[in-house]
Amino acid sequence: MSDESGDGTEVELEARLEEQDRFEPPESFVEGANVTDEAIYEEFEENWPECWERAADLLSWDEAHDTVLEDGDAPFYEWFTGGELNASYNCLDRHVEDGRKNQAAIKWEGELGETRTYTYGDLLNEVEAFAAALRELGVEEDDVVTLYMPMIPELPIAMLACARIGAPHSVVFAGFSADALATRMNSADSEYLVTCDGYYRRGDALNHKEKADKGLRGVDHDVQTVVVDRLGDELTHFLGNDAHDYDDLVDAHEGATVEPVSRDAEDMLFLMYTSGTTGEPKGVKHTTGGYLSYAAWTSHAVLDVKPEDTYWCAADIGWITGHSYIVYGPLALGTTTMMYEGTPDYPERDRLWELIEKNRVDIFYTAPTAIRSFMKWGEEYPAGHDLSSLRLLGTVGEPINPRAWKWYYKHIGGEECPIVDTWWQTETGGMMITTLPGINTMKPGSAGPPLPGIDAQVVDVEGTPVDPGDAGYLTVQNPWPGMLRTLYDNDDRFLTEYWQEYSDPDAVNRQLTTPHSTESREDADEWVYFPEDGATIDEDGFVTVLGRVDDVINVSGHRLGTMEIESAIVGVPGVAEAAVVGGDHEVKGQAVYAYVILEDGQEPTDDLRERIVDGVEDGIGPIARPEQVVFTPELPKTRSGKIMRRLLEDIASGDELGDTSTLRNPGVVDDIAEQVETD
Ligand code: WTA
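Rules of the game
- Residues numbered from 1 in each chain as written.
- Predicted model: local features only at pLDDT ≥ 70, side-chain atom pairs only at ≥ 80, totals over all residues.
- Heavy atoms only, no water.
- Near = heavy atom within 4 Å.
- Polar contact = N/O pair within 3.5 Å; in protein donor to acceptor, adjacent residues only side chain to side chain.
- Areas by Shrake-Rupley, 256 points an atom, 1.4 Å probe, with all protein chains shown as cover.
- Helix = DSSP H or I, 4+ residues; strand = E, 2+ residues; numbered from the N terminus.
- Domains from an automatic or database assignment.
- Contact = heavy atoms within 4.5 Å.
- Buried area = accessible area lost by both parts, 1.4 Å probe.
- Salt bridge = Lys/Arg side-chain N within 4 Å of Asp/Glu carboxyl O.
- Nonpolar A, V, L, I, M, F, W, Y, C, P; charged D, E, K, R; others polar.
- Axes fitted to C-alpha atoms, helices over the stretch in contact; angles between N-to-C directions.
- Parallel < 35°, antiparallel > 145°, perpendicular 65-115°, else oblique.
- Left-handed = near helix turned anticlockwise from the far one by under 90°.
- Pairing = 2+ DSSP bridges.
- Buried < 20%, exposed > 50% of the residue type's maximum accessible area, 1.4 Å probe, protein only.

Q: Explain the site of the ligand residue by residue, including any values.
A: The ligand sits among 17 residues. The nearest are Asp421, Thr422, Thr426, Asp533 and Arg559. The backbone of proline 399 places a nitrogen or oxygen atom 3.5 Å from a nitrogen atom of the ligand. Between a nitrogen atom of the ligand and a side-chain N or O atom of aspartate 421, the distance comes to 2.8 Å. For the ligand, the protein covers 96% of the area, taking 530 Å² as the surface of the free molecule. Sorting the residues of the shell around the ligand by element identifies helix 12 (320-332), strand 20 (419-422) and strand 26 (543-548) as the ones contributing at least two each.

See the structure below:
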């Protein structure tokens, strides 16, 4: 695929690639793409909101909807109202009924190399058996079932079993700590937990059950637990009195028929907790009709998924990307979706490329942080494998720098695959801003235009669209089917966090930061969704996302609230105050920097530093682990006493320091900067 390095043509090619800032989708791709007519943009605009019927039509409904969009109680929008459907029916039964029961639905590979393939027929059988078991345990429609599992097939099976009986799931990322599990179970009043004994990481058997048990001790109500035996004899676990063994349950219900429950389009399909500005994670509510339609539509239009494909999204199902683009979107379209349990560099740094070659993967979707690691490891790893089965590449989770984009394009895609850089969020349910791979020119570094039917605009503080090239706030001015409906049990927070009231669209005093409550809602004419990202837009309407404008940082594509990390740190004995910011990091995008003030008389020792790091791992998980803990007697504060986070960010990123003249204690800045190591 790549020429010898040092060869003249190769050098010329490199130089050309480096300068090139626009790329056309290859003819070979366009010819077979799902969506190729650019009239789709106009069609959606002219026929909005009915255009979204196109998404709903990708599903099988028990009852057709009466209304596409119900906006009477905005921004509590409702989609496809009157419609009824079941998500597991759409992801399983209908494909079996279509005569495709022997097609692979999930191809799984464990870290040590064992493989499992579930056909649509197998998957349906196991989902029905587990659904029957959940019912027997007492799970009723609308009960929230928490799933705390790594990348093993039982996770999507449990999700679909919940969907089958109308019980919303709440998946907690397996890398999150026991405390994080407890917080989420308490918040959702979840009385059921499905977890596992452990899993492999870099060849070691990790004990997951211990963490789950510890979490359960922090849950304030009774819980019934099901434990999947992932590790067999490798790790013996103690089930305990209240826990059930997954295999026993499934065996006992083998052959069970569980009719899929007809769910109202607006009924909750799942809850997904995510980080926000305050310490408490937010329970994002997604629905059955709108979410599933949107996941299916974007998988079809953007990822170009076809039933005969082998498709691989290398995310974790514990995040929204895995929900929408490992499980629901691909399975709704009846494709083969891959799952890999382990890390990309185990046993060698070519594990992913080996998997692509072995399974002849057609579509590959990953995060920029992973691509930056691959770049660092070197092109020899992909070059050793035949990646010619690939047709399309995608990225998600954070901005991708043009150098990483081009590396991906050349060394993974062989310059023959379009790349979709997809901007979206837990809250949006699916992709919002990206090129359509069969239509648009690609510009590395810029996600692209908003998808058809998505009215995304970049505006200034007053809500006026900015000029091309100027930075502003990203907004979405129209609702869309995959949007969150509310935050679990917290309509007020939903309003204040995401929506801005534009009661008079022409007024200049529209403050994007003015919160409002449910009471003032009646006056609003127009509602605008505010994702808390900064962006620029160019003459062609391509959006470049700059990053968060709130106190959320993005570490390796994982969204973390600085307040959550701060509260874990101040929980460590000896710590008086902490400020956490994100600093630039070559591979992770951003890394966690913690500035810590100690209590009087407390010595700044390495031991204490370690306890602080442990405190963060216990409170949230290893993903939030601080890159550096800096002890300081003071934090830089303005005269009004506000911590100047911007300065702390500059220090962490090794940037030139911004203005310090408004500080009450300017001297402290140099003292802190001296301690920080940046690369
Ligand atoms: C960021 C992940 C730039 C953004 C699906 C957003 C991106 C947050 C991109 C959501 C992208 C996601 N380019 N930034 N292509 N995709 N982001 O909820 O800041 O985990 O607000 O959802 O990730 O993170 P979340």
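Q: Before we move on, can you summarise the domain arrangement of the chain with the specific residues and values?
A: Taken domain by domain, the chain holds domain 1 (66-82 + 120-286), domain 2 (457-537) and domain 3 (551-678). Placing the centre of domain 1 and that of domain 3 at their C-alpha centroids yields a distance of 34 Å. Of the residues lining the interface, 13 residues belong to domain 1; the matching set on domain 3 comes to 14 residues. Of the roughly 1,100 Å² buried between domain 1 and domain 3, counting both surfaces, carbon and sulfur atoms make up 48%. The interface formed by domain 1 and domain 3 contains zero salt bridges. Connecting domain 1 to domain 3 are seven residue pairs in polar contact (both at pLDDT 80 or more). In terms of residue class, the side of domain 1 that touches domain 3 is built from three nonpolar, eight polar and two charged.

Q: Tell me about the packing of helix 5 (residues 87-100) against helix 6 (residues 120-137), and please be specific about residues and values.
A: It is the contact of helix 5 with helix 6, at a shortest axis distance of 9 Å, that shows an interaxial angle of 140°. One finds that helix 5 runs oblique with respect to helix 6. The element helix 5 and its partner helix 6 pack so that their crossing is left-handed. Touching Cys91, Leu92, Asp93, His95, Val96 and Arg100 of helix 5 are Tyr120, Gly121, Leu123, Leu124 and Val127, all from helix 6.

Q: Outline the sheet that holds strand 7 (residues 169-171), listing residues and values.
A: One open sheet accounts for seven strands, arranged 12-11-8-6-7-14-15; its pairing is mixed. Each having just a single partner strand, strand 12 (243-245) and strand 15 (282-287) make up the two edges of the open sheet. Strand-to-strand twist of the sheet, defined as the mean angle between neighbouring strand axes without regard to direction, takes the value 25°. Note: strand 14 (residues 268-274) against strand 15, six bridges, orientation antiparallel. The residue of strand 15 that forms the bridge with tyrosine 273 is glycine 283.

Q: I'd like a description of the environment of leucine 69, backed by residues and values.
A: With respect to the secondary-structure elements, leucine 69 resides in strand 1 (residues 67-70). Of the residues examined, leucine 69 reaches a relative accessible area of 13% and is grouped as buried. Apart from the residues lying within four places of it in its own chain, the contact partners of leucine 69 are Trp48, Pro49, Tyr77, Glu78, Trp79 and Pro479.

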